[in-house]
Structure formats: C-alpha cells, structure tokens
Amino acid sequence: MTEALQVAIDGPASAGKSTVAKLVAKKFGYVYCDTGAMYRAITVAALEAKVDLTDDSAVTNIAQQTLIKFLPGDPVQRVFIGDQEITEAIRQPEITNNVSTVAAIGAVREELVKQQQTIADQGGIVMDGRDIGTTVLPNADVKVFMIASAHERALRRYHENIAKGITTPLDKLQAEIELRDKKDSTRKVSPLKQADDAILLDTTKLNINQVVEAISEIIRKKQDELR
Ligand code: CDP
Ligand code: CDP
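In short, a report on the structure.

Criteria and cut-off values
- Residues numbered from 1 in each chain as written.
- Chains lettered and ligands numbered in written order.
- Predicted model: local features only at pLDDT ≥ 70, side-chain atom pairs only at ≥ 80, totals over all residues.
- Heavy atoms only, no water.
- Axes fitted to C-alpha atoms, helices over the stretch in contact; angles between N-to-C directions.
- Helix = DSSP H or I, 4+ residues; strand = E, 2+ residues; numbered from the N terminus.
- Parallel < 35°, antiparallel > 145°, perpendicular 65-115°, else oblique.
- Left-handed = near helix turned anticlockwise from the far one by under 90°.
- Contact = heavy atoms within 4.5 Å.
- Nonpolar A, V, L, I, M, F, W, Y, C, P; charged D, E, K, R; others polar.
- 1 Å grid on protein atoms, 1.4 Å probe; cavity = no way out; pocket = protein on both sides within 12 Å on 5 of 7 lines; lining within 4 Å.
- Points joined across faces, edges and corners; volume = space filled by probe spheres on them.
- Near = heavy atom within 4 Å.
- Polar contact = N/O pair within 3.5 Å; in protein donor to acceptor, adjacent residues only side chain to side chain.
- Areas by Shrake-Rupley, 256 points an atom, 1.4 Å probe, with all protein chains shown as cover.

**Describing the packing of helix H1 (residues 17-28) against helix H10 (residues 208-226)**
- H10 packs onto H1 with a crossing angle of 50° between their chain directions and a minimal axis gap of 9 Å. Between H1 and H10, the angle falls in the class oblique. The handedness of the crossing between H1 and H10 is right-handed. Contacts between H1 and H10 involve Thr19, Val20, Leu23, Val24, Lys27 and Phe28 from the former and Ile208, Val211, Val212, Glu213, Ile215, Ser216, Ile219, Arg220 and Gln223 from the latter.
- Taken together, the residues of the contact of H1 with H10 sort by class into nine nonpolar, three polar and three charged.

Take a look at the structure:
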C-alpha cells in the first residue's frame with residue numbers, strides 16, 4: 001500500500017503554488033487545501049461588514065464567526081462564506097491588495113491555522129500557503145518551497161489577467177507582487193520563510209507539467225522511504 005502523505009507547499013505570490021498543488025493532489029488522490037483562499041475569504045467578509053482592517057479584534061471576530069467552505073470546481077475550487085459564493089470575489093484587486101494586512105493579525109492566523117490542521121487530519125493532503133511547512137504542518141512528510149523570479153511571476157499573473165480581460169500593466173503587477181512578498185516576509189507572526197527541511201524548487205524556467213512532475217517525484221521517493 002502506498003502511504004498517504006502530508007505535502008506542504010509554500011512560497012511567494014504567483015509562484016504557481018495553487019495551480020500545481022491542485023494537480024498534485026488530484027494525481028495522488030489527496031485533499032487539496034488553498035490556505036491563501038481562506039485569508040482572502042476573511043478579507044472579503046471583513047470588507048463586506050465594513051470593518052476597519054487595522055482593528056485587529058474586529059477582524060478576529062469576523063475570522064472566528066465566518067464559516068469558510070470549499071467545493072470542487074474546475075479550473076478553480078469554489079469558495080463560500082456560509083451560503084454566499086465568493087470564488088470570484090476573493091481574486092478582486094481590492095482583496096489582493098488588502099489580504100496581507102488581515103494575514104498579519106496573530107489571532108486571525110491562530111483561528112485559520114486551527115481550521116487548516118483539522119482539514120489536514122483527513123489523510124493525504126496537499127496544502128499551499130506561506131507558513132504550511134513552518135507552522136501549520138511542521139511534521140509534513142514533504143515540504144517544498146516554490147520560487148520563481150519576480151519578473152516571471154508577474155508575467156504569469158499578467159497572462160492570467162489578459163485571459164480574464166484585465167489589463168493591469170506588467171510593471172504595476174510586479175510592484176504589487178513584490179510589496180505583498182515584503183509584507184508577508186516581514187510580519188511578526190509566521191512570516192513567509194523556507195522551512196529548514198523544505199526542498200527549494202525554482203520554477204522560473206519550468207512549465208506547470210514540469211513542476212507537477214518534480215513534486216510528484218519527491219512524493220514518490222518519500223513514499224518509497226516510508227514503505
Ligand atoms: O495566490 P497568491 O500568491 O496571490 O496569494 P494567496 O496564496 O492567495 O495568498 C494571499 C495572501 O494570504 C498572501 O499574500 C498572504 O498575505 C496570506 N497568506 C498567509 O499569510 N498565509 C498562508 N498560509 C496563505 C496566505
Ligand atoms: O498560487 P500562486 O499564487 O503561487 O500561483 P498560481 O495562482 O498557481 O499561478 C499563477 C499563474 O502562473 C497561473 O496563471 C498559472 O497557470 C501560472 N503558472 C505558470 O505559468 N507556470 C508555472 N510553472 C506555474 C504556474
């Protein structure tokens with residue numbers, strides 16, 4: 001029997017984490033959890049409730065009271081808060097530009113980390129985010145820290161936007177990505193950081209299939225070790 005593993009994928013914005021994590025999960029029959037979508041969902045709920053995002057306790061209340069649900073969907077998982085679908089809302093620029101403020105609040109992270117650990121208890125899991133290998137699943141069987149140059153990451157987001165009819169200039173996208181990385185890497189609680197035992201994977205010159213294959217190989221090797 002092959003072992004069902006916990007796979008943690010972390011890295012900066014637009015490195016390809018969620019695209020690849022979802023495909024890897026499908027390949028191995030594991031659950032996929034997009035933790036970034038959870039921070040984005042709380043940001044949507046807080047802005048809808050007209051809460052001041054710098055009011056830590058008000059945002060924490062929202063995080064504690066909001067029920068986040070995922071449903072399978074293609075090409076992206078569907079995301080809900082209660083019965084309200086927010087799959088598209090969580091990707092709007094207003095949310096992207098505010099999510100790092102929400103994610104820097106320690107008590108919000110505490111609540112979401114607890115939920116993420118419960119999701120991971122279900123068995124084989126691929127979870128992507130910023131602090132999965134360091135905080136959420138410190139004993140994960142496989143940890144990958146996925147990077148790509150800021151230019152390549154902005155270019156990937158640019159092409160994705162064009163397909164959706166959004167025409168934000170490339171240099172603006174790159175500046176936004178770099179600012180969010182800076183906020184995520186310098187916050188006090190669980191900053192974006194490569195875990196000591198994570199494998200660094202530079203995807204700058206790799207396509208999606210090549211990244212999926214590289215991670216699959218790491219997982220298969222680990223499964224063999226544990227057999
Ligand atoms: O997909 P993209 O790289 O744009 O971001 P995401 O994975 O959806 O995450 C959005 C934001 O949530 C990040 O910029 C972080 O501020 C926060 N986040 C976090 O703090 N910890 C996680 N485990 C996942 C996301
Ligand atoms: O989750 P994260 O923000 O790290 O990135 P993503 O949303 O999965 O990927 C950002 C964009 O890069 C998507 O449009 C992917 O299709 C694309 N991508 C790519 O072109 N080449 C890769 N090796 C990985 C992702």
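**Here's the deal with empty space enclosed by the protein**
- As enumerated under the stated definition, the model contains one cavity of 30 Å³ or more in all.
- Computed from the structure, the largest cavity encloses a volume of approximately 30 Å³.
- Lining the largest cavity are Asp10, Gly133, Thr134, Lys143, Val144, Lys193, Ala195 and Ala198.
- Breaking the lining of the largest cavity down by element, the ones donating at least two residues are helix H7 (132-136) and strand S7 (142-147).
- Of the residues belonging to the lining of the largest cavity, the class tally is three nonpolar, two polar and three charged.

**Points about unusual backbone geometry**
- Following aspartate 74, the chain continues into proline 75 via a peptide bond in cis, with omega recorded as 5°.
- Its place among the elements puts proline 75 in the loop between strand S3 (68-71) and strand S4 (78-81).
- Its identity as a non-glycine residue notwithstanding, serine 14 has a phi of 65°, on the positive side.
- Look at serine 190: it is not a glycine, yet its phi comes out positive at around 40°.

**So, the site of ligand 1**
- Near ligand 1 you find 20 residues, and of these Arg40, Arg109, Asp131, Arg180 and Asp184 are the closest.
- Serine 100 places a polar side-chain atom, nitrogen or oxygen, 3.1 Å from an oxygen atom of ligand 1.
- In the model, a nitrogen atom of ligand 1 is placed 2.8 Å from a nitrogen or oxygen of the aspartate 131 side chain.
- Burial of ligand 1 by the surrounding chains reaches 98%, relative to a free accessible area of 530 Å².
- Contributing elements (two or more residues each) for the shell around ligand 1: helix H2 (35-48), helix H5 (99-103) and helix H9 (170-186).
- Counting residues per element, the shell around ligand 1 draws most heavily on H2, which supplies four residues.
- Taken together, the residues of the shell around ligand 1 sort by class into five nonpolar, five polar and ten charged.

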